[in-house]
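Descriptive analysis of the structure
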Amino acid sequence: MDYFEYKNGDLYAEDVKLGDIADEIGTPFYAYSTATMTRHYQVFADALRGMNALVCFALKANSNVAVMRTLARLGAGADVVSGGELTRALKAGVPAAKIIFSGVGKTDSEIALALDVGIRQINVESVPELEAIDRIATAKGVKAPIALRINPDIDAGTHAKITTGKLENKFGIEWTVAHEVYARASKMDGINAKGLAVHIGSQLHDMEPFRKAYERMGDLVAMIRKDGLTVETLDLGGGFGIPYGDEAHPIAGVEDYARIVRETVGDLGVEYIFEPGRMIVGNAGVLATKVIYVKEGSTKTFVIVDAAMNDLIRPTLYGAHHEIVPAREPASDAESIEADVVGPVCETGDVLAKGKTIVRPRAGDLLAVRTAGAYGAVQSSTYNSRALVAEVLVDGDRFHVIRPRVGIEQMIALESMPNWLD
Ligand code: LLP
């Protein structure tokens, strides 16, 4: 369910015509729907009703401060993976007491920042990291609240590049040694061992890997408690998959997910933390782009648009599928063609959609690449010295440019000429 639909033949984001935004700020741009992300957040939070649960939005999916603030106002906390994301979450108004810090390579300065702002919890991914946190916290005379992120060695059954819960992945502490590491952490001067965390991968459609991983976490909690230690929090990660095309996977699946949580770890008497990213914002965003040329090759037709792999890298990087629809609703008898939708970047891999059946577009037409609210703008770059893509937030009949396009003069202004080249 989202709030992008045709009204009188034009594609709207809520009550704003996509074409009106394009006329005002040019293309390409991301447009996010407040109503959609609000609904998704609420569906997720509602499914957990009755549980002692904190939903921490995974900023990596969309770290725009206005997006985070929208969710923070609904009560969301934040899951961050860098000092940069931590700073963004705080700027958005998320209290430090609702921020979780995940990630395999936290530096000393990032750990110090997290402790200085009074972060709720650092999810520790290795013994060397645990030792670093202990050292830094001890020097500051504080106890760092931590959870051990566990690698449960469970295959999430998703794309290899976004699978995180197998032993060959770099993430987490191997589950077989976790209780020993927890016992050690509990004795450290600078550590307050609060609990465990797990995240097995992203874009999961099959719920069974969640069940297996959470069962394993339940077993671990029991084992640690048997050692006489306390476990007061359990972070169950993110990873809930969303539909990118026609596959039926309604948000109603969230209820199945919540049932699995209750069945596997619901009785542990801990505080639960969740880190959803994609399911909150994925379907809440589109990438709007204009057709520059339609190029008829002898074997293929190419629709060349003004958005490219630097704006949305998911198709290039993961072979991901995104629906692409015209901003002007096509007539029912409009001619369809099979085409590759490609950007202007000088790489064959610069593809937004391959072999796609679409209504024949014309130069100047506005298109919307759907389901682009998660891992879209955050993974954008200025490759080929293309402008950093703009982002727009829509709320009802109003919209605001929440990140203006960053153009070439601003980019060059960041660079510096050595005096020998003056
Ligand atoms: N928590 C942790 C520790 C994570 O590593 C991730 C995602 C999440 C939560 C949020 O997962 P979600 O609910 O969004 O699935 N760039 C890729 C996705 C990378 C996901 C990385 N970790 C893509 O475009 O598909």
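Attention in this report is confined to the structure presented alongside it.

Calculation criteria
Residues numbered from 1 in each chain as written. Predicted model: local features only at pLDDT ≥ 70, side-chain atom pairs only at ≥ 80, totals over all residues. Heavy atoms only, no water. Near = heavy atom within 4 Å. Polar contact = N/O pair within 3.5 Å; in protein donor to acceptor, adjacent residues only side chain to side chain. Areas by Shrake-Rupley, 256 points an atom, 1.4 Å probe, with all protein chains shown as cover. Nonpolar A, V, L, I, M, F, W, Y, C, P; charged D, E, K, R; others polar. Domains from an automatic or database assignment. Helix = DSSP H or I, 4+ residues; strand = E, 2+ residues; numbered from the N terminus. Buried < 20%, exposed > 50% of the residue type's maximum accessible area, 1.4 Å probe, protein only. Pairing = 2+ DSSP bridges. Phe/Tyr/Trp six-rings, centres within 6.5 Å; stacked < 30°, edge-to-face > 60°. Lys NZ or Arg CZ within 6 Å of the ring centre and 35° of its normal. Salt bridge = Lys/Arg side-chain N within 4 Å of Asp/Glu carboxyl O. Patch = residues over 30% accessible without salt bridge, like charges linked within 9 Å, V, L, I, M, F, W, Y side chains within 5 Å. Contact = heavy atoms within 4.5 Å. Core = buried A, V, L, I, M, F, W, Y, C linked by side-chain atoms within 4.5 Å.

1. Concerning the site of the ligand
- Around the ligand lies a shell of 18 residues, among which Ser 202, Glu 275, Arg 314, Tyr 318 and Tyr 375 are the nearest.
- Ser 202 has a polar side-chain atom sitting 2.4 Å from an oxygen atom of the ligand.
- Arg 278 has a polar backbone atom sitting 2.8 Å from an oxygen atom of the ligand.
- A total of 590 Å² of accessible area belongs to the ligand in isolation, and the protein chains cover 92% of it.
- Taken together, the residues that form the shell around the ligand break down as 5 nonpolar, 7 polar and 6 charged.
- Summarising the domain contributions, the shell around the ligand has at least three residues from each of domain 1 (4-31 + 282-413) and domain 2 (34-279).

2. A look at unusual backbone geometry
- The step from Thr 27 to Pro 28 runs through a cis peptide bond, and the omega angle for that step is -5°.
- The residue Pro 28 is located in the loop between α1 (18-25) and β4 (29-33) in this model.
- Despite not being glycine, Glu 14 shows a phi value in the positive range, around 50°.
- Its place among the elements puts Glu 14 in the loop between β2 (10-13) and β3 (16-17).
- On the basis of relative accessible area, Glu 14 is assigned to the buried category, the value being 8%.
- The residue Tyr 375 is not glycine, and still its phi comes out positive at about 60°.
- Mapped onto the elements of the fold, Tyr 375 is located in the loop between β19 (366-369) and β20 (390-395).

3. Some words on the pairing of β20
- Counting buried positions over the 6 residues of β20 gives 5, a clear majority of the element.
- Here 5 bridges tie β20 to strand β21 (residues 398-403), and the two strands are oriented antiparallel to one another. The residue bridging Val 394 from the neighbouring strand is Phe 399, located in β21.

4. A look at the packing of aromatic side chains
- Counting across every chain of the model gives 8 aromatic pairs.
- Centroid distance Tyr 30 to Tyr 32: 6.2 Å. Interplanar angle 25°. Geometry classified as stacked.
- Here Tyr 32 falls in the buried class, since its relative accessible area comes to 1%.
- Relative to Tyr 257, the ring of Phe 240 lies with its centre 6.0 Å away and its plane at 70°, an arrangement referred to as edge-to-face. Of this pair, Phe 240 sits in the loop between β12 (233-235) and α9 (253-265) while Tyr 257 sits in helix α9, and the two are 17 residues apart along the sequence. In this structure, Phe 240 and Tyr 257 share a single accessibility class: buried.
- An aromatic cluster of at least three residues, connected via ring pairs, comprises Phe 44, Phe 210, Tyr 214, Phe 240, Tyr 257 and Phe 274.
- Sitting over the face of the ring of Phe 101, Lys 106 holds its NZ or CZ atom 5.6 Å from the ring centroid.

5. Quick notes on the pairing of strand β15 (residues 301-305)
- Counting buried positions over the 5 residues of β15 gives 4, a clear majority of the element.
- Looking at chain direction, strand β14 (residues 285-296) and β15 are connected through 5 bridges and run antiparallel. Along β15, the bridge assignment pairs Val 294 with Val 303.
- In this antiparallel pair of consecutive strands, β14 and β15, the connection spans 4 residues.
- As paired strands, β15 and strand β17 (residues 336-342) are joined by 3 bridges and run parallel to one another. Bridging across to β17, Phe 302 finds its partner in Asp 340.

6. Focus on the pattern of salt bridges
- Scanning the entire structure with this criterion turns up 24 salt bridges.
- In this structure, Asp 2 engages Arg 370 in a salt bridge whose closest nitrogen and oxygen atoms are separated by 2.6 Å. Of this pair, Asp 2 sits in the segment before β1 (4-7) while Arg 370 sits in the loop between β19 and β20; the two residues are 368 residues apart in sequence, bridging distant segments of the chain.
- Overall, the relative accessible area of 19% leaves Asp 2 in the buried class.
- When the shortest N-O distance is used, the salt bridge between Asp 340 and Lys 300 registers 2.8 Å. Here the residue Asp 340 occupies a position in strand β17, and Lys 300 occupies one in the loop between β14 and β15, the gap between them amounting to 40 residues.
- Here the residues in one salt-bridge network are Glu 208, Arg 211, Asp 256, Arg 259 and Glu 263, joined through shared partners.

7. Looking at a nonpolar patch on the surface
- On the surface, Met 417, Trp 420 and Leu 421 cluster together into a nonpolar patch covering about 430 Å² of accessible area.
- Within the secondary structure, Leu 421 sits in the segment after α12 (408-413).
- Exposure remark for Leu 421: the relative accessible area of 53% places this residue in the exposed category.

8. So, the environment of Val 16
- Note that Val 16 resides in strand β3.
- Residue class for Val 16 comes out buried when judged on its relative accessible area of 5%.
- Residues Val 16 and Ser 33 lie 17 residues apart in sequence; the distance between their C-alpha atoms is 9.8 Å.
- Not counting the four nearest positions on each side in its chain, Val 16 is found in contact with Leu 11, Ile 21, Val 394, Gly 396, Asp 397, Arg 398 and Phe 399.

9. Section: the environment of Pro 326
- Secondary-structure assignment places Pro 326 in strand β16 (residues 324-326).
- Sequence separation between Pro 326 and Asp 10 is 316 residues; the distance between their C-alpha atoms is 8.8 Å.
- Among residues more than four places away in sequence, those in contact with Pro 326 are Tyr 6, Leu 11, Leu 366 and Leu 367.

10. Examining the nonpolar core
- Judged by nonpolar contacts, the single largest core of 106 residues is most densely connected at Met 68, Ile 146, Leu 196, Tyr 214, Leu 234, Leu 236 and Tyr 257.
- It is helix α8 (residues 208-226) that contributes the most residues to this core, 7 residues altogether.
- Two domains each provide a minimum of three residues to this core, namely domain 1 (4-31 + 282-413) and domain 2 (34-279).
- Within the second largest apolar cluster, 19 residues are counted, among which are Ala 13, Ala 22, Ala 31 and Ala 327.

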